[in-house]
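Survey of secondary and tertiary structure
Residues per chain, in single letters:
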Amino acid sequence: MFALSLQIAAADDPPLEWIDPATGHKIVRLSREPGTASLYFHQNAYSADGQKLLVTTPHGLSTIDLKTHAIDQVVDGRIGVLVTGRKSGNIYYTRQGAVYAADLETHVTHEVARVPFSTDRGTGNITVNADETLLIGLTTDPDGKATPRELPDANRQDRLAQRWAAGTPMLLYTVNIKTGEVKRLHTSHDWLNHLQASPTDPGQIMFCHEGPWHFVDRIWLVRTDGTALTKVHSRTMDMEIAGHEFFSADGKTVWYDLQTPRSEVFWLAGYEISTGQRTWYHLERNGWSVHYNSSPDGTFFAGDGGGPNSVANRSHDSKPLNPPGNGQWIYLFRPEKLRMTGLPGQTNSLIKTGVLKSERLVDLSKHNYNLEPNVTFTPDGQWIVFRSNMHGATHVYEVEIAKSRTEP
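Residues numbered from 1 in each chain as written. Predicted model: local features only at pLDDT ≥ 70, side-chain atom pairs only at ≥ 80, totals over all residues. Heavy atoms only, no water.

**Observations concerning the overall build of the protein**
Going by this rule: Note on conventions: DSSP H or I runs of at least 4 residues are helices, E runs of at least 2 residues are strands, and numbering of each starts at the N terminus. The globule rule used here is 2.2 Å times the number of residues to the 0.38 power, and the radius of gyration it is set against is calculated over C-alpha atoms. The rule is simple: take the accessible area with a 1.4 Å probe, protein chains only, and divide by the maximum for that residue type; under 20% is buried, over 50% is exposed, in between is partly exposed. It only takes one pair of heavy atoms within 4.5 Å for two residues to be counted as in contact. Shrake-Rupley sampling with a 1.4 Å probe provides the accessible areas, and residues are treated as covered by the protein chains on show and by no other component. When charges are counted, Lys and Arg contribute as positive and Asp and Glu as negative, whereas His and the chain ends are disregarded. One atom stands in for each charge, and that atom is NZ of Lys, CZ of Arg, CG of Asp or CD of Glu.
Looking only at helices and strands, the protein has 2 helices and 28 strands in total. Since a compact globule built from 408 residues should have a radius of gyration of about 22 Å, the 21 Å found for the protein is in line with a globular shape. Buried positions account for 54% of the 408 residues belonging to the protein. If you take every contact in the protein between residues at least 6 apart in sequence, the share linking residues at least 24 apart comes to 51%. About 18300 Å² of surface is accessible on the protein, with carbon and sulfur atoms providing 49% of the total. Computed over 39 positive and 45 negative side-chain charges, the inter-centroid distance for the protein is 3 Å.

**Let's talk about the environment of Glu240**
To keep it simple, the criterion reads: In the analysis that follows, any N or O atom pair within 3.5 Å is treated as a polar contact, provided that within protein one partner can donate a hydrogen and the other can accept it, and provided that, for residues neighboring in sequence, both atoms belong to side chains.
With respect to the helices, strands and loops of the structure, Glu240 is situated in the loop between β17 (230-231) and β18 (241-247). As for Glu240 and Leu258, which are separated by 18 residues in sequence, their C-alpha atoms are 7.7 Å apart. When residues no more than four places from it in sequence are discounted, the contact partners of Glu240 are Trp213, His214, His233, Ser234, Arg235, Leu258, Gln259, Thr260, Pro261 and Arg262. At 2.8 Å, the side chain of Glu240 and the backbone nitrogen of Thr236 are in polar contact.

**Some thoughts on the side chain of Asp257**
Heads up, the condition is: In the sections that follow, a salt bridge refers to a side-chain nitrogen of Lys or Arg positioned within 4 Å of a carboxyl oxygen of Asp or Glu.
Mapped onto the secondary structure, Asp257 falls in strand β19 (residues 253-259). One buried charged side chain, Asp257, makes no salt bridge at all; its nearest oppositely charged neighbour is Arg218, positioned 9.0 Å away.

**Examining the layout of surface pockets**
Quick reminder of the rule: Cavity means a closed set of points on a 1 Å grid over the protein atoms alone, one where a 1.4 Å probe fits but cannot get out, pocket means an open set with protein on both sides within 12 Å along at least 5 of 7 lines, and lining means a residue has an atom within 4 Å of a point. Grid points are joined across faces, edges and corners, and a volume is the space filled by probe spheres set on the points. Polar here means any residue other than Ala, Val, Leu, Ile, Met, Phe, Trp, Tyr, Cys and Pro, which are nonpolar, and Asp, Glu, Lys and Arg, which are charged; Gly is therefore polar.
A volume near 1100 Å³ is recorded for the largest pocket. Every residue lining the largest pocket is counted, 45 residues in all, and those nearest its centre are His42, Gln43, Asn44, Val83 and Arg86. Looking at side-chain class alone, the lining of the largest pocket contains 20 nonpolar, 23 polar and 2 charged residues. In this structure, the second largest pocket encloses a volume near 650 Å³. Contributions of two or more residues to the lining of the second largest pocket are made by β18 and β19.

**Topic: the environment of Glu105**
Tracing the chain through its elements places Glu105 in the loop between β8 (98-102) and β9 (109-114). Linking Glu105 and Ser234, residues 129 residues apart in sequence, is a C-alpha distance of 45 Å. For Glu105, the side chain forms a polar contact with the side chain of Lys52, separated by 3.2 Å.

**Quick notes on the packing of aromatic side chains**
For clarity, the threshold we go by: Each Phe, Tyr or Trp ring (for Trp, its six-membered ring) is paired with any other whose centre lies within 6.5 Å, and the angle between the two planes then decides the class: stacked below 30 degrees, edge-to-face above 60, tilted in between.
A complete count under the given rule lists 14 aromatic pairs for this structure. Judged by centre distance (4.9 Å) and plane angle (75 degrees), the ring pair of Trp255 and Phe301 falls under edge-to-face. Of this pair, Trp255 sits in strand β19 while Phe301 sits in strand β23 (residues 301-303), and the two are 46 residues apart along the sequence. Between Phe266 and Trp288 the ring centres are 6.2 Å apart and the planes differ by 55 degrees, which places this aromatic pair in the tilted class.

Below you can see the structure in the form of structure tokens.
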């Protein structure tokens, strides 16, 4: 059945290039095979020289040359994709309890390390640090015992809340790629997830306390030696949420979606790691996005909009809004009006606040948001890459930031 659906989709391929009539921006389809997808928004998907984009296909992993659009199959078969190394440009991925690295040009592959806490349920979260000396992992702690929490009655049927309440023992660890030495860095009965390594600092890790966002203080930093455990954001009001965190391209700032409270007041919030300085950019509800990303030079932000069931389309008590909230677009955001101010309830007396002026780049009104578009900027900062099923099958596209013509 799956093969038949691919054949049907292939017979009616989306256009390779067009100007979005609603926005005036040029869109290019980078993939050729239905079912090809770009990576999650915080996974590094670009080669070290910035010339190639890593994508998943129904058959494994491929690269797409960003200039010629030539496609090269690098890894065959079912795997778990991690990142492209920022130093070597190798593709790191998991298969059968081990981490492997594949050379983008020669396709030569070698085993990097066995995953020390791999189970029948998988390898857990794994990433690679900036200088490719350490594997970093999150998994269930085999030496720990669960400490369950009591759930409020209203949340007993929520699977996310049930997993949060289970109090499963979790473990953050590192593996030295050269020696194989394993170090246990941090244990917790909070649900740890969303593991990331700084793009520039080999010693910096970020992870989250997973669960319903209004239950948790989600975003945390820690060093690879286990020191400097830091909570990035503390909730100060009922139903406040913060999440979908990511590092800036220079590794100096953690950015995240912040709502004070959920579905009512929207911010893209930043935390400067070295100083603790906070920057909050306000967004209108119709410009909110599920995921954001920043350009390589930090000048712009991008967002992937939201679908009918996204948080901006519902009130803080989860009732649908009429009229609906967020729009189904790929957005470009330009920061404006930054100033120092004080915000009620915040521990920091002064926060830099501003606004994000949004520009619509791609009409996603025909996109099914069960698939998250997950925007990333190309290394040259000229295009935004995303995945979409707006023509039926999933494909990888890019939209040019510069407008090709005046809007109609």
